[in-house]
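A look at the structure
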Amino acid sequence: MTAYTQRIEALRNEFEKHKIDAFCITHIPHVAYLTGFSGSSGMVILTATEGHLLTDARYTAQAQQEVMLPNMAIHTERDWWGYIKSKNLLSGAKCVGFEAAHTSVASAEQMKRALEDCECKGIVGVVERIVMVKTPEEVEHIRCAAAIAARTYEHIIQIAKAGMTEQDIAAEVVYMARKLGSESEGFETIVASGIRGALPHGRASHKAIRHGELVTLDFGCRVHGFYSDMTRTFAVGEPTAFQRALYALVLTANEQAIAAARGGMTCGELDTIARNILDTAGYGQYFVHGLGHGLGREVHEKPSISYRFAEDILPEGVVITIEPGVYLPEQCGIRIEDNIWLTSTGCEVLTSAAPKHLLVIE
Ligand code: ZN
Ligand code: ZN
């Protein structure tokens, strides 16, 4: 069985639990995950025995090249639901599930009109739960992306200096990562210096980096469709004792969470380990987001390591980020983000090639 057939079978095994006899997959990263199709327009219909990939005429050749699965027919049509109805592709189905979190109201209406004799059931998180557990091959792609990120960071540390703008640095990050083999960025590169560091998602601006500032750099690289997502914070000129102490605190939160991480624990348990360290030091209120998130074909996947999903179990095999941060308004920000692969007894750090002690540039 290929990886794709295994994934499709894993999804079919969920049908009974949700009392559906077919499933409609509309989220493009999920379409790619299940079939290998990399186009930007597509939908998959799965019954217990058949599969149908619907795309449009722009992708006829590409779909035929990329999707070679038994029992997966490729259709290039404009009006997918009209076509499904006219060809009776779901004739035997009584209840068809669809991805409620990834289907617009208008699409759901179209679906219901086409499948008038059949129940349409919005389901959340089915494909996500299969996607989040990674095979060794998938992890290898993320490992490669993380290795590119580490080499890119090494380059940035060598060339960055006071006077360069955040945009200059972002451009170097993107250029070097691509030169080293990254397929794309995943998200807009974050470079946030000085007081802008207090913005957890500060896009690179035209502000120049200056002596005495901390700079937070957060960027993604992609290999074979899988992303890394790494953050490092460095100092421009000799940091103050306060900056060093705050950095050491965030690093401890990062390291303690990684030391404790293993498959089987809850998201809440893991989040609390880092949060308690920052809380005890009096900075808990400045850690304004969850500890991390799943990582794969999308930069943000399930699970979500935060108190909002405290009871969710972190299964063995997930790849997640560990990214504690402290953001002091009008002062500075520090975040240190790694990518880890959970095993039953611990984890493998995929971003270990990028140094984590406070690097100082001139
Ligand atoms: Zn990040
Ligand atoms: Zn992240």
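Overview of the structure. In this text, all values refer to a predicted model and were calculated from it rather than measured experimentally.

1. Section: the coordination of the zinc ion (ligand 2)
At this site the zinc ion (ligand 2) is bound by Asp229 (OD), His293 (NE2), Glu323 (OE) and Glu337 (OE), with donor distances of 2.1 to 2.2 Å. In this structure, the zinc ion (ligand 2) is coordinated by four donor atoms arranged in irregular fashion, with angles at the metal of 78 to 153°. Between consecutive donors of the zinc ion (ligand 2), the numbers of intervening residues give the motif D-x63-H-x29-E-x13-E. In this structure the zinc ion (ligand 1) is found 3.2 Å away from the zinc ion (ligand 2), and Asp229 serves as a bridging donor for the pair. Of this pair, Asp229 sits in strand E9 (residues 226–236) while His293 sits in strand E10 (residues 292–294); the two residues are 64 residues apart in sequence, bridging distant segments of the chain. In this structure, Asp229 and His293 share a single accessibility class: buried.

2. Quick look at the pairing of strand E1 (residues 22–25)
With burial as the criterion, each face of E1 is covered, one bearing Ala22 and Cys24 and the other bearing Phe23 and Ile25. Direction of pairing for E1 relative to strand E5 (residues 95–99): parallel, over a ladder of three bridges. Paired with Phe23 across the bridge in E5 is Gly97. Examined bridge by bridge, E1 and strand E2 (residues 43–47) share four bridges and lie antiparallel to one another. Across the sheet, Phe23 pairs through a bridge with Leu46, a residue of E2.

3. A closer look at the sheet that holds strand E4 (residues 72–76)
The six strands lie next to each other as E4-E3-E2-E1-E5-E6, forming an open sheet whose pairing is mixed. Taken across any chain shown, the strands that pair with only one partner, and hence form the sheet edges, are E4 and strand E6 (119–123). This sheet shows a mean twist of 20° between the axes of neighbouring strands, independent of strand direction. Contacting E1, E5 and E6, helix H5 (residues 105–114) runs over the sheet at an angle of about 165° to E5.

4. Digging into the coordination of the zinc ion (ligand 1)
Each protein donor to the zinc ion (ligand 1) is listed here as Asp218 (OD), Asp218 (OD), Asp229 (OD) and Glu337 (OE); together their distances run 2.0 to 2.4 Å. Coordination at the zinc ion (ligand 1) comes from four donor atoms whose angles at the metal span 57 to 145°, giving a geometry best classed as irregular. Considered as a linear motif, the donors of the zinc ion (ligand 1) on their single chain read D-x10-D-x107-E.

5. Quick look at the nonpolar core
In terms of nonpolar packing, the biggest core is built from 33 residues, with Leu246, Leu270, Leu291, Leu314, Ile320 and Ile322 touching the most fellow members. Ranked by residue count, the leading element in this core is helix H9 (residues 241–260), at eight residues. With residues up to four places along the chain from it excluded, the contact list for Leu246 reads Tyr283, Val326, Leu328, Cys332 and Ile334. Counting residues in each nonpolar core, the second largest holds 27 residues, with Ala145, Ala149, Ile169 and Val191 among its members.

6. Brief notes about the pairing of strand E11 (residues 301–305)
Looking along a regular strand, one sees side chains alternate from face to face of the sheet. Counting buried positions along E11 yields four of five residues, so the element is predominantly enclosed. Note: E10 against E11, three bridges, orientation antiparallel. Across the sheet, His293 pairs through a bridge with Ser304, a residue of E11. Two successive antiparallel strands, E10 and E11, enclose a turn made up of six residues.

7. Here we look at the sheet that holds strand E17 (residues 360–361)
What the four strands build is an open sheet, ordered E7-E8-E9-E17; its pairing is mixed. Both edges of this open sheet fall to strand E7 (190–193) and E17, since each of them pairs with a single strand only. Note that E7 and strand E8 (residues 214–223) share four bridges and pair antiparallel. Looking across to E8, one finds that Ala192 is bridged to Thr216. Across the sheet, helix H7 (residues 136–159) lies against E8, E9 and E17, angled at about 25° from E9, the strand it touches most.

8. Section: unusual backbone geometry
At the junction of Lys302 and Pro303, the peptide bond is cis and its omega measures out at 0° in the coordinates. Along the chain, Pro303 falls in strand E11. The phi torsion at Lys19 lies on the positive side, around 55°, for a residue other than glycine. One non-glycine residue, His224, lies in the positive phi region at around 50°.

9. Brief notes about the environment of Leu251
Relative to the assigned elements, Leu251 resides in helix H9. Here the alpha-carbon distance between Leu251 and Gly212, two residues 39 residues apart in the chain, equals 20 Å. When neighbours within four sequence positions are excluded, Leu251 is seen to be in contact with Ile336 and Lys356.

Rules of the game
Residue numbering note: each chain is counted from 1, following its sequence as written. As they are written, the chains are lettered A onward and the ligands numbered 1 onward, keeping that order. With the structure being a predicted model, the display of local features is reserved for residues of pLDDT at least 70 and the display and counting of side-chain atom pairs for 80 or more, all residues being used for whole-chain, interface and lining totals. Only hydrogens and water are removed before side-chain values are computed, so all heavy atoms of the structure are retained for them. Metal donors were taken as nitrogen, oxygen and sulfur atoms no farther than 2.8 Å from the ion, or 3.2 Å where the ion is Na, K or Ca. Water is excluded, so coordination may look unfinished. Under this scheme a four-donor centre is tetrahedral when all angles range from 85 to 135 degrees, a four-donor centre is square planar and a six-donor centre octahedral when opposite donors are above 155 degrees with the rest from 65 to 115, and any other centre is irregular. Under the DSSP-based scheme used, a helix requires at least four consecutive residues in state H or I and a strand at least two consecutive residues in state E, with every element numbered from the N terminus. Remark: exposure states derive from per-residue accessible area (1.4 Å probe, protein chains only) relative to the maximum for the residue type, with buried under 20%, exposed over 50%, and partly exposed in between. Strand pairing is assigned whenever DSSP identifies at least 2 bridges connecting the two strands. Helix axes are fitted to C-alpha atoms over the stretch in contact, other axes to C-alpha atoms as well, and angles between N-to-C directions run from 0 to 180 degrees. In what follows, residue pairs with any heavy atoms lying within 4.5 Å of each other are defined as contacts. By nonpolar core is meant a set of buried Ala, Val, Leu, Ile, Met, Phe, Trp, Tyr and Cys residues that side-chain atoms within 4.5 Å join together.

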